[in-house]
Amino acid sequence: MADERRPKQCSLVLPTESMKVMAESVGVGQLQEECCVALSEEVSYRIKEIAQDALKFMHHGKRRKLTTNDIDHALKLKNVEPLYGFQSQEFIPFRFASGGGRELHFYEEKEVDLSDIINTPLPRVPLDVSLKAHWLSIEGVQPAIPENPPPVSKEQQKVESTEPLKAVKPGQEEEGPVQGKGQGVTSAESKGKEKSISRLKPRSTHELSVEQQLYYKEITEACVGSCEAKRAEALQSIATDPGLYQMLPRFSTFISEGVRVNVVQNNLALLIYLMRMVKALMDNPTLYLEKYLHELIPAVVTCIVSKQLCLRPDMDNHWALRDFAARLMAQICKTFSTTNNNIQSRITKTFTKSLLDDKTQWTTRYGSIAGLAELGPDVIKTLILPRLSIEGARIKAVVEGPVISNIDKIGADHVQSLLLKHCASVIAKTRPLPDNVDQYRADYGYLGSMLCSHVVKARAQAALQAQQVNRTTLTITQPRPTLTLSQGVSTGSGPRTPNIIKVPSSLTLPVQTLVSTRPVTPAQPSPPATKYIVMSTSTAAATSPQVISLTSSRSSSPITSTAPSSTSTLQPLVKVEHTGQSVTTPGAGGSRTLQKYIVVSLPSAVSSEVKASSLSSPSTAVDSTVKADRTELPGASTHSSH
Amino acid sequence: MAAVQDAPVEADNEKEIKTETLNDAAGNHASAAGGVIPSPPVASTSSSGPAKAGGPGSEEQQTLMAVLQFLKKNNFVGAVDVLRREAGILEDSDESQGQELAASALGGAEAGDATCTLSRASSCTTSTPAVAAAPAKGAGEHCSTLSAAFGKRKESGEDQPDVNVVLSAYSQQGDPALYQGYYSGLKKFVESVLDCHRAELSQLFYPLFVHMYLELVYNNHETEAKAFFEKFSGDQECYYQDDLRVLSGLTKKEHMKGNETLLDFRTSKFVLRISRDSYQLLKRHLQERQNNQIWNIIQEHLYIDIFDGMPRSKSQIDSMSGSLAGEAKREANKAKVFYGLLKEPEIDVPLDDEDEEGENEEGKPKKKKPKKDSMGSKSKKQDPNAPQQNRIPLPELKDSDKLDKIMYMKEATKRIRLGPESLPSICFYTFLNAYQGLTAVDFTDDSSLIAGGFADSTVRVWSVTPKKLRSVKSAADLNLIDKESDDVLERIMDEKSASESKILYGHSGPVYGVSFSPDRNYLLSCSEDGTVRLWSLQTFTCLVGYKGHNYPVWDTQFSPYGYYFISGGHDRVARLWATDHYQPLRMFAGHLADITCTQFHPNSNYVATGSADRTVRLWDILNGNCVRIFTGHKGPIHSLAFSPNGKYLASGATDGRVLLWDIGHGLMIGELKGHTDTVYSLKFSRDGEILASGSMDNTVRLWDSIKAFDDIETDDFTAATGHIHLPENSQELLLGTYMTKSTPVIHLHFTRRNLLLAAGAYNP
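Values in this document were obtained by computation on a predicted structure and should not be read as measured data.

Participant: How should I be thinking about the overall build of chain A in this particular structure?
Facilitator: Helices and strands together make up the secondary structure of chain A, namely 23 helices and 10 strands. Across the 642 residues of chain A, 50% fall into the buried class. Sequence separation of 24 or more characterises 68% of the internal contacts of chain A that already satisfy a separation of 6 or more. Working note: accessible area of chain A is about 30300 Å², and carbon and sulfur atoms make up 58% of it.

Participant: Would you mind going over helix H14 (residues 205-218) of chain B with me for this structure?
Facilitator: Every α-helical turn comprises 3.6 residues, leaving residues that sit three or four positions apart pointing alike. Residues and elements named next belong to chain B. Counted at 1.5 Å a residue, the expected span for H14 with its 14 residues is 20 Å, and the 20 Å between its end C-alpha atoms agrees. For H14, a buried count of 14 out of 14 residues is recorded, marking the element as mostly surrounded by other parts of the structure. Looking one or two places after H14, you find Asn 220, whose phi comes out positive at around 65 degrees.

Participant: What exactly am I supposed to notice about the UniProt feature "repeat: WD" (unreviewed entry) in chain B here?
Facilitator: All names here are of chain B. The sites that UniProt annotates as "repeat: WD" (unreviewed entry) are residues 431-472, 504-539, 546-587, 588-629, 630-663 and 672-704. In this annotation, residues 504-539 is assigned 0% helix and 53% strand; the end-to-end C-alpha distance for the span is 10 Å. Helix makes up 0% of residues 672-704 and strand 58%, with an end-to-end C-alpha separation of 10 Å.

Participant: Help me understand the interface of chain B and chain A in this model?
Facilitator: A common way to express how large an interface is: the accessible area buried when the components associate. Every contact between the two is made by 74 residues of chain B and, on the other side, 59 residues of chain A. When the area that chain B buries against chain A is broken down by residue, the three leading residues are Leu432(B), Tyr435(B) and Lys741(B), summing to 12%. Connecting chain B to chain A are four salt bridges. Glu528(B) is paired through a salt bridge with Lys76(A); the nearest N and O atoms lie 3.2 Å apart. Linking chain B to chain A there are 16 residue pairs in polar contact (both at pLDDT 80 or more). Residue classes in the side of chain B that touches chain A are distributed as 36 nonpolar, 23 polar and 15 charged. With seven bridges joining them, strand E3 (residues 130-137) of chain A and strand E3 (residues 426-432) of chain B adopt antiparallel strand pairing.

Participant: I tried to follow the sheet that holds strand E21 (residues 626-631) of chain B on my own but got confused; where do I start?
Facilitator: Strands pair in a sheet through their backbones, by hydrogen bonds, and they do so in one of two ways: parallel or antiparallel. Residue and element names in this part refer to chain B. Reading across from one edge, E18-E19-E20-E21 is the order of the four strands in this open sheet, with antiparallel pairing throughout. Where the open sheet ends on each side, the last strands, each with one partner, are strand E18 (595-600) and E21. Averaged over neighbouring strand pairs, the angle between their axes works out to 20 degrees when direction is ignored. Two elements, E18 and strand E19 (residues 606-611), share five bridges in a ladder whose sense is antiparallel. By the bridge assignment, Thr 598 is partnered in E19 with Thr 609.

Participant: Got a minute to help me understand unusual backbone geometry in this structure?
Facilitator: Keep in mind that most residues, glycine aside, have a negative phi and that most peptide bonds are trans. All names here are of chain B. Although it is not a glycine, Asn 433 adopts a positive phi angle of roughly 60 degrees. Positionally, Asn 433 belongs in the loop between E3 and strand E4 (438-443). Asn 433 sits in the buried class, given a relative accessible area of 6%. Unusually for a residue other than glycine, Ser 604 sits at a positive phi of about 65 degrees. When you line up the elements, Ser 604 lands in the loop between E18 and E19. Of the residues examined, Ser 604 reaches a relative accessible area of 0% and is grouped as buried.

Participant: Got a minute to help me understand the packing of helix H14 (residues 362-374) of chain A against helix H15 (residues 377-384) of chain A in this structure?
Facilitator: In a pair of packed helices, the angle between the axes and the distance between the axes together describe the arrangement. Residues and elements named next belong to chain A. The N-to-C vectors of H14 and H15 enclose an angle of 135 degrees; their axes lie 6 Å apart at closest approach. Compared by their axis directions, H14 and H15 come out oblique. Of the residues in H15, those in contact with Ile 369, Leu 372 and Ala 373 of H14 are Val 379, Ile 380, Leu 383 and Ile 384. The residue makeup of the contact of H14 with H15, split by class, is seven nonpolar, no polar and no charged.

Participant: Would you mind going over the confidence of the model for chain B with me for this structure?
Facilitator: Detailed reading of predicted coordinates is not advised where the pLDDT is low. All names here are of chain B. Residue-level pLDDT values for chain B average 75, and 73% of them are 70 or greater. Within the model, the stretch residues 92-161 combines pLDDT values under 50 with 126 contacts to residues more than four positions away or in other chains. We note a pTM of 0.61 for the whole complex and an ipTM of 0.74 for its interfaces.

Participant: Would you explain the pattern of salt bridges in this entry?
Facilitator: A side chain of one charge can pair with a side chain of the opposite charge if their charged atoms are brought near each other. All names here are of chain B. Throughout the structure, instances matching the rule amount to 43 salt bridges over all chains. A salt bridge links Arg 273 to Glu 327, with the shortest nitrogen-to-oxygen separation between them at 3.7 Å. Taken together, the residues span a long stretch of sequence, with Arg 273 in strand E1 (residues 270-275) and Glu 327 in the loop between helix H21 (314-320) and helix H22 (353-359) at a distance of 54 residues. Here Arg 753 makes a salt bridge to Glu 411, at a shortest N to O gap of 3.1 Å. Highlighted residues: Arg 753 in the loop between strand E30 (747-750) and strand E31 (756-761) and Glu 411 in helix H23 (residues 399-413), separated in sequence by 342 residues. The network of salt bridges with shared partners includes Asp 404, Asp 445, Asp 446, Arg 520, Arg 686 and Arg 752.

Participant: Is there a simple way to explain the nonpolar core in this structure?
Facilitator: Soluble globular proteins: nonpolar side chains tend toward being buried together. Residues Met275(A) and Met329(A) are the most contacted members of the largest nonpolar core, which totals 87 residues. Among the elements that make up this core, the one with the highest residue count is helix H12 (residues 318-336) of chain A (11 residues). Setting aside anything within four residues of it in sequence, one finds Met329(A) in contact with Ile297(A), Val300(A), Val301(A), Ile304(A), Ile343(A), Ile347(A) and Phe351(A). The next biggest cluster of nonpolar side chains, apart from the first, holds 45 residues, and it includes Leu204(B), Leu216(B), Leu262(B) and Leu302(B).

Participant: Whenever I open this one, the packing of aromatic side chains confuses me. Can you help?
Facilitator: Within a pair of aromatic rings, the relevant descriptors are the distance that separates the centres and the angle that separates the planes. Taken as a whole and assessed by the stated rule, the structure comprises 30 aromatic pairs over all chains. Aromatic side chains Tyr183(B) and Phe228(B) sit 5.6 Å apart centroid to centroid with 85 degrees between the ring planes, which places their arrangement in the edge-to-face category. One end of the pair, Tyr183(B), is in helix H12 (residues 179-192); the other, Phe228(B), is in helix H15 (residues 222-232), with 45 residues separating them in the sequence. Relative accessible area serves as the criterion here: at 1%, Tyr183(B) is assigned to the buried category. Judged by centre distance (5.5 Å) and plane angle (15 degrees), the ring pair of Phe209(B) and Phe228(B) falls under stacked. Here Phe209(B) is found in helix H14, whereas its partner Phe228(B) is found in helix H15, with 19 residues between them in sequence. Across the pair, Phe228(B) and Phe209(B) agree in class, each one buried. Linked through ring pairs, Tyr183(B), Phe205(B), Phe209(B), Tyr213(B), Phe228(B), Phe229(B) and Phe232(B) together constitute an aromatic cluster. The lysine or arginine in question, Arg365(A), covers the ring of Trp362(A), its NZ or CZ lying 6.0 Å from the ring centre. Above the ring of Phe454(B), the side-chain terminus of Arg460(B) is found at 5.3 Å from the ring centroid.

Participant: Teacher, can you tell me more about the pairing of strand E11 (residues 522-527) of chain B here?
Facilitator: Side-chain direction in a regular strand flips from residue to residue, so the side chains alternate between the two faces of the sheet. Residues and elements named next belong to chain B. Within E11, five of the six residues are buried, which leaves the element mostly enclosed by the surrounding structure. Both strand E10 (residues 511-516) and E11 contribute to a ladder of five bridges, which runs antiparallel. Pairing of Ser 515 across the sheet is with Leu 524, part of E11. Between E10 and E11, which pair antiparallel and follow one another directly, the connecting turn spans five residues, one of which, Arg 520, has a positive phi of 65 degrees. As paired elements, E11 and strand E12 (residues 531-536) share five bridges and run antiparallel to each other. Following the sheet pairing, Tyr 522 is matched in E12 by Ser 536. In sequence, E11 turns back onto E12 through a hairpin of three residues, with Gly 530 there showing a positive phi of about 90 degrees.

Participant: Where do I start with the confidence of the model for chain A in this structure?
Facilitator: Residues and elements named next belong to chain A. Here chain A shows a mean pLDDT of 67. Residues at 70 or above account for 60%. Note that residues 1-10 has pLDDT below 50 and, in this model, 18 contacts with residues that lie over four places away or in other chains. For residues 469-642, every residue scores under 50 in pLDDT, and the model assigns this stretch 354 contacts once sequence neighbours within four places are set aside.

Participant: Please explain the sheet that holds strand E14 (residues 553-558) of chain B as it appears in this structure.
Facilitator: All names here are of chain B. Spatial ordering of the open sheet is given by E14-E15-E16-E17, a layout of four strands whose pairing is antiparallel. What marks the edges here is a single partner per strand, and that holds for E14 and strand E17 (586-589). When strand polarity is set aside, the average angle formed by the axes of neighbouring strands in this sheet is 20 degrees. Across five bridges, E14 lies against strand E15 (residues 564-569) in antiparallel orientation. Its bridge partner lying in E15, Thr 556 is registered against Ser 567.

Rules behind the numbers
- Residues numbered from 1 in each chain as written.
- Chains lettered and ligands numbered in written order.
- Predicted model: local features only at pLDDT ≥ 70, side-chain atom pairs only at ≥ 80, totals over all residues.
- Heavy atoms only, no water.
- Helix = DSSP H or I, 4+ residues; strand = E, 2+ residues; numbered from the N terminus.
- Buried < 20%, exposed > 50% of the residue type's maximum accessible area, 1.4 Å probe, protein only.
- Contact = heavy atoms within 4.5 Å.
- Areas by Shrake-Rupley, 256 points an atom, 1.4 Å probe, with all protein chains shown as cover.
- Expected span 1.5 Å × (residues − 1).
- UniProt positions renumbered as here; feature names shortened; annotations may be inferred.
- Buried area = accessible area lost by both parts, 1.4 Å probe.
- Salt bridge = Lys/Arg side-chain N within 4 Å of Asp/Glu carboxyl O.
- Polar contact = N/O pair within 3.5 Å; in protein donor to acceptor, adjacent residues only side chain to side chain.
- Nonpolar A, V, L, I, M, F, W, Y, C, P; charged D, E, K, R; others polar.
- Pairing = 2+ DSSP bridges.
- Axes fitted to C-alpha atoms, helices over the stretch in contact; angles between N-to-C directions.
- Parallel < 35°, antiparallel > 145°, perpendicular 65-115°, else oblique.
- pLDDT = per-residue confidence, 0-100.
- Core = buried A, V, L, I, M, F, W, Y, C linked by side-chain atoms within 4.5 Å.
- Phe/Tyr/Trp six-rings, centres within 6.5 Å; stacked < 30°, edge-to-face > 60°.
- Lys NZ or Arg CZ within 6 Å of the ring centre and 35° of its normal.

Shown next as structure tokens:
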């Protein structure tokens, strides 16, 4: 009978198989088919009834989410004993796996080492309810303070910038929405806006209030000033403040002009500061930058490929800036590239052009390779690998040829290590075994032999990773006052987490069978970049979401340049960069993991880097705000294993 | 009060009793066949209810026996004796029947679950709230309550007939295969009539659809029923979706017995308002076609309220329909409602009153509960629409009340005049870290305290002024203080334990409503555990637990003059209580689904209740009559607000719309569209110029209420037919929208100076 039912949502019933399974679980075998049908209809009806009652409790609880408590109360209404033991505040974190045409939902339970639990410091006591007052509106105008939502939401900004009717010629600044006094949306204007939705938006002046002008001045001065602590504060503000929308055009002009001037003056430090501003703007969850990309992209690209970025090219580490800018560029591409604006392909073209040019300087060459490499393995495969032999020859000419200048030699060295770093992982994935040095030399010329050894290392690492359970877990922690994140690394000692965070764990073998749905074999080690962000709110619940919703893209390795930016946060912040696993000793069975914890605790602005490696389960990072960002990229692993 | 102390144990026991007593009324599963009344098996379509066969006298007897049995079981020997003496029951009959009862109690406890909820509305009148709760108090009292309650029940029996009788109405049937034909035949007919009649006749579709479907289900034509549902459910108006969802799950005859929605449908005739012309048209059509099936349904299950005059338009119909049982009958809204305000007692106003008069030429009403303030009472003479001053006895003003009133008048002089040009400032109180779930909020009238009800059963009170919350010292310490000193009132307060917030523990389930008394001495809270609790804000302890609702209590509200309060909950009955009575003074029964919100009229003579049956009802406290039924909401109603002059009512529902009602005429006068989620809070400004609404969609919206009312007042009501033309665009009334940062707005309050306070829990 159940089969007759149309797949209509409201008349769904439980499958009879479920009835059978449930009957068997309570010891009733051999249940007749008719019984199953009758049972399933009855049970479905009762479940619907209870769900409808539970909805009442949800509505009166002023929530949008149905909780297990609601079900309990609904059962109580019916004089049914509630179900005990399902006291989950939030959704039940079922994991999903599919493979072989079957779909499976399961509850993740890990083996837990008791000693781990004992050694874990107690989580902090949840904060008590507290009351906080703020002005939602002052005489009809909503003040732009952090407690209020941004005047123009990101979606709205996006709509505005992509709305075809309102498309503005490139180069001409798109103005913000009509806002009379410069902040907030007054009622009359909001009405006007709704009316004018069909016609072209009138041009409007774009005034900043006195406070905003002061803020802008302070922030820009701090960003390029000499005081590192101040800069940290300013960048933090840029990355989190919800009310910056209005100042965005000014910031973007500031950055582009700044880069223009400072490139000419070869002021490396300022360029770095400006790039960090770009990064902070990108990180601000309330801002939608698309309208300002025409200013930002040239600035960033300049910092990648400019011939000279510093006064003493032989001494200063302008390479790091190029790396950092290249990553920024990749992030921009990832976020904003659409079929309309074609940012990625245009950027790729630019880089390729300078790469192909024989007269390109080493610095520029480095930049374009870095820029391309950050765009992903596919780009490396199609654009860089074919060039390997040519570049190899060029490097050879510098290294082995007559010494022309020291600068060229340094440049060639950097290009060489860059190429090795990025290409090895890609080759390891695409090139079939065996790794024959001669073969490599034939294929890739001068770089062949070095490449070969790198590839071997990369493969070894991939094999190790394949051995490990490789999961993509993303469990979001919902409002919890405190959060303890402890990550054990050693075999068998899974991370003990207080029930809500599931950090992908170690080598618990029983689970491995369950999760092996994504085949990771040594032959083809291609674990996609998995990333997790574990977030928790802190005491300042109103402001914390911005603090932590910083999504870092595929930042593959901990870089010198990101470290300061993370130290610069005012909020106590812990950043766990898990850079992947390294060499395994076959037979030993143990895995070595290189983990990098950047533990930052401010306001003292002291940053300490703890490098913990191997079998000990080293550190637990406890603080009110925890952000764990883990990126597993084969390329990264190779790199960090060094 | 004795009722307070022995809460949880007895709550359970009470339920047990109720199960027993209810089995007979509700009919039961076969397992409960050993029930009190030897009833025929329920599955058969008995024409008369088994309860009636038993006769009312014996039924009463049975229930008494059940009570006795229970008391015995719990060793309340004294109570048993008294009760037995009172009722004149002999020992032996008690014993013999007791056996039966015990058997049925077992069966009932196991299987009587779902069914007992059914006849809740009627049964709750019989649920004898205090019987178990106060065994020590003379049991004779209980007996009298009991019999009184039973008397009531018999009356209500007419409204809420026995389930089997209800269902048996579906037993007559035609050929199940023809149902689709009937329905589509009618559909074709309606489509073919003149445009002006089409909208009116289209109203028939939904009730006919439901009843035809139920007939099919009742007669075990499951496949036909499903086919019928699938074919025509899509045609129904979208605002019936919730009910259709319930119906769609209902495919078996057995299900019908336990379904409340269904029962509502049957027990209350679906009311349609149709013009005479359209009705004649329909009648003629059905007679021509010899379509008895549909005609029967119309005769039996629908109530057609025929009026003379022009047929109504589609939009007119849509604005009024949507409730569970159709529109309100016109007669239902005919009663006279005294919506005027009570005259304020004269109070000697201190000297600085002079300038107040200068500023406010209108003469502010000197009221204690100024949120119910007047904007129209021009003179201090008795308003013709006001009730008699002593229609409802109100508590005497104490000296402290008079002081408070003077304070209020002083504040009122500093009140900001609001309007479209001068919008109020909004101060938002965000509850942080409220992970246990904030469910209810209330402010005191002078905005000095906030109370929050939480899903973890606690009630918390905050002081939002620098003045900390102090409780009275313990009895031992009180003995030590000098009672003759001038500052004795200060001395009795305990400074050491003063804090900014206090937590009140006592409920055993989520707290769904809190309400401060106007004098700030008490706080009411109601909870999922079925009790309403009165807390003292002097000692921060629970004073009384009012039992009566046996199911979750969704809302409670103090009268603007104190002393009385109203509560309403899942049992569909609103109860009026006085703080010094442990039993309700009035019970307002009539809603067809949960009562979700309650509100006192500013003159304290009426209460409004909003319900999940998508109607608002206004009840007269004096006689307990329902004097107004407002239909038009398309979802459960979650907020109500009276305008300060008492003339208008605003209601907000889950569909995000706010409707405005004229109480005197009993008509809808406005619809405010804009919210995208449940409107949990509504409040008029102190002078009634602005209506503020707060919603689950994280916004506070301000509406121009003067304009909304003015537009209507210039129109002449076609009151005879009750037709209304709503202004098309409510956007013109919207004065402002203020987004919060993922914080649903669950309470709004205008301070005495017209600053808007809003509250909600941050919910990242």
